[in-house]
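Here is how the chains run, residue by residue.
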Amino acid sequence: MRLPCPHCGTRDVQEFTYLGDANVKRPGADEMSEAAMTRYVYERDNPAGRQREYWHHSSGCHAWIVVTRDTRTHRIESAEPAKPLVQS
Amino acid sequence: MADPSLKTKWSRHSAWADILTASPSDAARPCGVNVVAREGLGVAGIQAQRGRKAALSALVKMRYGLELPTTPRAVRDAAHAFVWAGPGQWLLVAEQKESFAELSELAAVSDQSDGRAALRLSGPNVRDMLAKGCMIDLHPAAFPSGAAAMTSIAHIGVHLWRVDEQPYDRPAIFDILVARSMAASFWSWASASAAEYN
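Residues numbered from 1 in each chain as written. Chains lettered and ligands numbered in written order. Predicted model: local features only at pLDDT ≥ 70, side-chain atom pairs only at ≥ 80, totals over all residues.

## Things to note about the overall build of chain A
For step 1, the next point in the chain: Within chain A one finds 1 helix and 6 strands.
For step 2, the next point in the chain: Listed by position from the N terminus, the elements making up chain A come as β-β-β-α-β-β-β.
For step 3, the next point in the chain: Along the first, second and third principal axes, the C-alpha set of chain A runs to 40 × 40 × 20 Å.
For step 4, the next point in the chain: Relative to its full complement of 88 residues, chain A shows a buried share of 18%.
For step 5, the next point in the chain: Long-range contacts, defined as pairs at least 24 residues apart, comprise 51% of the intrachain contacts of chain A with a sequence gap of at least 6. (Helix = DSSP H or I, 4+ residues; strand = E, 2+ residues; numbered from the N terminus. Buried ≥ 20, exposed ≤ 12 C-beta atoms within 10 Å, placed from the backbone. Contact = placed C-beta atoms within 7 Å.)

See the structure below:
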């Protein structure tokens, strides 16, 4: 598989490190509970299909990117910087 | 920068000392790959402060006369090269050690002069040799003059860029930087990969 790094261009997947689901949000102070934290830390969906996921271009530009990928076909729908580029 | 009046047992030691040995140049026998150890360089990692990218760009333009690249490219003149090193980050490579203090007003500057080991690779088989370990396409159509990349070769992180303005069908010249601690490992890969062309 090759991933289109928005900074470097298309690179082999060996250059990247996988983190996982990019939709997970840490519970805020008002919604913090043991159950919410357990969900946040341990529970993940394992979709057969479209997933937004974090990848780190660890052997390249060291930027985190969000890739939208089909887990069945490895078809890449989009890849974008995980955080807006450092303000010029 | 070392103070010459300071008494110390420590002395500067080339990153390639005890790794590269000079080979007698034999002009009658052309080599497929030529290797030059780039020593005595001043190298600095530069990361623009938040919101100061345009100001940094202007400072570099004024001080060095070079345009900071915003895509994976290297811009250079005879004395300095600015090589893209990720969004908002660059590697400054100076032919001679010098102070980078001026840039620290607008950027985080870290002196890497003794932290990197640099080689310049050229010759008619340089792409064949690099292709044995480099996952990116270095064909001139994909990696033209001035192109730069951070990638890995034989599991070793490398920063490489083209330093030539050669026409499309001529062999390119590449500068490669690796972490100093990986110099021996990198040379182990490079010498084995180039062996068949020499």
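## Here we look at helix α1 (residues 53–64) of chain B
Residues and elements named next belong to chain B.
For step 1, the next point in the chain: The end-to-end C-alpha separation of α1 is 16 Å, in line with the 16 Å expected for 12 residues at 1.5 Å each.
For step 2, the next point in the chain: The set of residues buried in α1 consists of Lys53, Leu56, Val60 and Tyr64. Projected onto a plane normal to the axis of α1, the buried residues spread over an arc of 60° and lie on a single side. For α1, the exposed residues set more than 90 degrees away from the buried face come down to Lys61 and Met62.
For step 3, the next point in the chain: Buried residues along α1 sit against β2 (42–48), β4 (80–84) and β6 (107–111).
For step 4, the next point in the chain: Where α1 terminates, the next one or two residues include Gly65, which has phi positive at roughly 70°. (Expected span 1.5 Å × (residues − 1). Arc of directions from axis to C-beta.)

## Quick notes on the environment of Arg26 of chain A
All names here are of chain A.
For step 1, the next point in the chain: Positionally, Arg26 belongs in the loop between β3 (17–21) and α1 (34–42).
For step 2, the next point in the chain: A residue is classified by how many C-beta atoms lie within 10 Å of it, and Arg26, with 10 of them, is exposed.
For step 3, the next point in the chain: With 11 residues separating them in the primary sequence, Arg26 and Met37 have C-alpha atoms 7.7 Å apart.

## Topic: the sheet that holds strand β4 (residues 50–56) of chain A
All names here are of chain A.
For step 1, the next point in the chain: The sheet built from 4 strands is open, its strands ordered β3-β4-β5-β6 with antiparallel pairing. Taken across any chain shown, the strands that pair with only one partner, and hence form the sheet edges, are β3 and β6 (76–81). Across the sheet, the mean angle from the axis of one strand to that of its neighbour is 25°, orientation sign disregarded.
For step 2, the next point in the chain: Of the strand pairs in this sheet, β4 and strand β5 (residues 64–70) are connected by 7 bridges, and their pairing is antiparallel. In the strand pairing of β5, Arg52 is matched with Thr68. (Pairing = 2+ DSSP bridges. Axes fitted to C-alpha atoms, helices over the stretch in contact; angles between N-to-C directions.)

## Some points on the sheet that holds β2 of chain B
Residues and elements named next belong to chain B.
For step 1, the next point in the chain: Strand order in the open sheet made by the 5 strands is β3-β4-β5-β2-β6, with antiparallel pairing throughout. The two strands at the open ends of the sheet, each matched to only one other strand, are β3 (74–76) and β6. Strand-to-strand, the axes of this sheet are offset by a mean angle of 20°, without reference to chain direction.
For step 2, the next point in the chain: Pairing of β2 with strand β5 (residues 89–94) involves 6 bridges; the strand directions are antiparallel. Across the sheet, residue Gly42 finds its bridge partner in β5, namely Ala94.

## A look at the interface of chain A and chain B
For step 1, the next point in the chain: Tallying the contact residues gives 15 residues for chain A and 16 residues for chain B.
For step 2, the next point in the chain: For the side of chain A that touches chain B, the per-class residue count stands at 5 nonpolar, 7 polar and 3 charged. (Nonpolar A, V, L, I, M, F, W, Y, C, P; charged D, E, K, R; others polar.)

## As for the pairing of β4 of chain B
Residue and element names in this part refer to chain B.
For step 1, the next point in the chain: Of all 5 residues in β4, 4 are buried; the element is thus mostly enclosed.
For step 2, the next point in the chain: Relative to β4, β3 is paired through 3 bridges, and the arrangement is antiparallel. Looking at the pairing, Arg76 lines up with Ala81 of β4.
For step 3, the next point in the chain: Relative to β5, β4 is paired through 5 bridges, and the arrangement is antiparallel. Bridge assignment links Phe82 to a residue of β5, and that residue is Leu92.
For step 4, the next point in the chain: Counted between consecutive antiparallel strands, the loop separating β4 from β5 contains 4 residues, among which Gly86 sits at a positive phi close to 115°.

## Some remarks on unusual backbone geometry
All names here are of chain B.
For step 1, the next point in the chain: Phi at Asp18 is positive, roughly 70°, even though this residue is not glycine.
For step 2, the next point in the chain: Within the secondary structure, Asp18 sits in the segment before β1 (34–38).
For step 3, the next point in the chain: The backbone of Ala154 shows a phi angle near 50°, a positive value even though the residue is not glycine.
For step 4, the next point in the chain: Mapped onto the fold, Ala154 is located in the loop between β8 (148–153) and β9 (156–162).

Treat this as a map of the structure, not an account of what it does.
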